[in-house]
Amino acid sequence: LIAMLVPSAAVAAPEYSTSEAGNPFVDGWYADPDTEVYNGRYWVFPTTSKGYYEQTSLDAFSSTDMVNWTKHPNVLNTANISWAKYALWAPAPVQRNGKYYLYFAANDIQNNSQLGGIGVAVADRPEGPYKDALGKPLISQFHNGAQPIDQDVFIDDDGQAYMYYGGWHHANVVKLNPDMTSLATHADGSTYKEITPENYTEGSYMFKRNGRYYLMWSEGGWTGPDYSVSYAMSDSPTGPFRKLDKVLAQDPAVARGSGHHSVVNVPGTDIWYIVYHRRPLSETDGNHRQLAYDRLYFNSDGTIRRVAMQVK
Ligand code: FUB
């Protein structure tokens, strides 16, 4: 794995945190990794996978070579979010105008009838400290059946920012204003546009390659072995999105429950990785999830090849 993922003159360091920084590439139970490259450094922001009442803080990890990782503990904590009493999860980082934004889900409006949903925190540096920008959620209600969780923020080449999100088998796309903390409307005047593809469960993710938009999402139940990732392609960031294939799934020889991923491109190359969580074969606890990544390969027509999960 290491040989594949160091495309240029990355220097191997004498120590690796986890078995030569293969999979899992960091220690500990983590899930839902979202990735960004900030100033030549790879950043991963995952859920601290502990269980609903204990997931009260988020850690981040950074690396210049995706081999040697530095842990940045407690970049965001519910103690600093007035409306977030319980779980904090599925962070989504993005940079704009010199500010670093971290979108997160907090509380569970479905099960606890409490204020919750998708919030946004902002910092001057990738490692934080991140501060709640609004003092309330950005989205706190179900719209089109979508639970306000599992967001991903994507900024298109024309500068328009979109947020893809949704649990409970429904996905929406909303436009963000340039301030990144308020919602804009679509051309038809609506705010929440449903884009739910076939078999969608949660974990939406958007990226662009060669002018084509790729919507990806997780299927199945996240506590089960068959959690997996599928994708669609479109010429527009708002779809329509038709499922093309399942590209990441359990492998009884490697791991189960592989899903809730993100995609990272090595800048200046056509090298791509899928960064995701998976459950070791020896584990059945839903929260025993670890961070892994593997190469993401494309066919000449732009379609994605199925991922071969590496043991390490
Ligand atoms: O980590 C909590 C939940 O697990 C996420 O919201 C889902 O996407 C699943 O990965």
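Rules behind the numbers
Throughout this description, residue numbers start from 1 for each chain and increase along the sequence as written. For this predicted model, a pLDDT threshold of at least 70 governs which residues receive local features, and a threshold of 80 or more governs which side-chain atom pairs are given and counted, while totals over whole chains, interfaces and linings are taken from all residues. The pLDDT value expresses, per residue, how confident the predictor is, ranging between 0 and 100. In this description, any two residues whose backbone-derived C-beta atoms lie within 7 Å of each other are considered to be in contact. Three exposure classes are used. Buried residues have 20 or more other C-beta atoms within 10 Å of their own C-beta, exposed residues have 12 or fewer, and partly exposed residues fall in between, all C-beta atoms being placed from the backbone. Only DSSP runs of H or I reaching four residues or more are called helices, and only runs of E reaching two or more are called strands; each is numbered from the N terminus. DSSP calls a pair of strands paired once it identifies at least 2 bridges connecting them. Helix axes are fitted only over the stretch in contact, all axes being lines through C-alpha atoms; the angle between N-to-C directions runs from 0 to 180 degrees. Here, nearness is defined through the C-beta atom: a residue counts as near a molecule or strand if that backbone-placed atom lies within 6 Å of it.

## Focus on the confidence of the model for the chain
Part 1 of the reasoning: Per-residue confidence for the chain gives a mean pLDDT of 92; residues scoring 70 or more make up 92%.
Part 2 of the reasoning: Below a pLDDT of 50 lies the segment residues 1-20, which in the model reaches 31 contacts outside its immediate sequence neighbourhood of four places, other chains included.
Part 3 of the reasoning: Here the predicted complex scores 0.93 on pTM and 0.93 on ipTM.

## Focus on the pairing of strand E10 (residues 161-165)
Part 1 of the reasoning: With 4 of 5 residues buried, E10 lies mostly within the body of the structure.
Part 2 of the reasoning: Sheet topology places strand E9 (residues 152-155) next to E10; 4 bridges connect them, and they run antiparallel. The residue of E10 that forms the bridge with Phe154 is Tyr162.
Part 3 of the reasoning: Between E9 and E10, which follow one another and run antiparallel, lie 5 residues, and Gly159 among them has a positive phi close to 90 degrees.
Part 4 of the reasoning: Pairing between E10 and strand E11 (residues 172-176): 5 bridges, direction antiparallel. Pairing of Tyr164 across the sheet is with Val173, part of E11.
Part 5 of the reasoning: Between E10 and E11, which follow one another and run antiparallel, lie 6 residues, and Gly166 among them has a positive phi close to 135 degrees.

## Topic: the sheet that holds strand E3 (residues 57-63)
Part 1 of the reasoning: The sheet built from 4 strands is open, its strands ordered E1-E2-E3-E4 with antiparallel pairing. The sheet is open, and its two borders are formed by strand E1 (30-38) and strand E4 (70-77), each paired with just one other strand. Taking the axes of each pair of neighbouring strands and ignoring which way they run, one obtains an average angle of 25 degrees across the sheet.
Part 2 of the reasoning: Inspection of the sheet shows E1 paired to strand E2 (residues 41-48) by 7 bridges, in the antiparallel sense. Along E2, the bridge assignment pairs Tyr30 with Thr48.

## A short note on the site of the ligand
Part 1 of the reasoning: The ligand sits among Ala31, Asp32, Thr47, Trp89, Ala90, Ile149, Asp150, Glu202, Gly203, Ser218, Trp222 and His260.
Part 2 of the reasoning: Among the secondary structure elements, those contributing two or more residues to the shell around the ligand are E1, strand E5 (88-96) and strand E14 (202-209).

## Focus on the environment of Ala253
Part 1 of the reasoning: Among the structural elements, Ala253 can be located in the loop between strand E17 (242-248) and strand E18 (255-265).
Part 2 of the reasoning: It is 9.6 Å that separates the C-alpha atoms of Ala253 and Gln310, two residues lying 57 residues apart in sequence.

## What to know about the environment of Leu244
Part 1 of the reasoning: By secondary structure assignment, the location of Leu244 is in strand E17.
Part 2 of the reasoning: Taking the C-beta count within 10 Å as the criterion, Leu244 has 15 such neighbours and is therefore assigned partly exposed.
Part 3 of the reasoning: Residues Leu244 and Tyr231 lie 13 residues apart in sequence; the distance between their C-alpha atoms is 6.0 Å.
Part 4 of the reasoning: Residues in contact with Leu244, not counting those within four places in the same chain, are Tyr231, Ala232, Met233 and Thr303.

## A word on the pairing of strand E15 (residues 212-219)
Part 1 of the reasoning: For E15, the buried fraction is high: 7 of the 8 residues fall into the buried class.
Part 2 of the reasoning: Across 6 bridges, E14 lies against E15 in antiparallel orientation. By the bridge assignment, Glu202 is partnered in E15 with Ser218.
Part 3 of the reasoning: Counted along the chain from E14 to the antiparallel partner E15, the turn is 2 residues long, and its residue Asn210 has a positive phi close to 50 degrees.
Part 4 of the reasoning: Bridging between E15 and strand E16 (residues 228-234) involves 7 bridges; their strand directions are antiparallel. Note that in E16 the partner of Met216 across the bridge is Tyr231.

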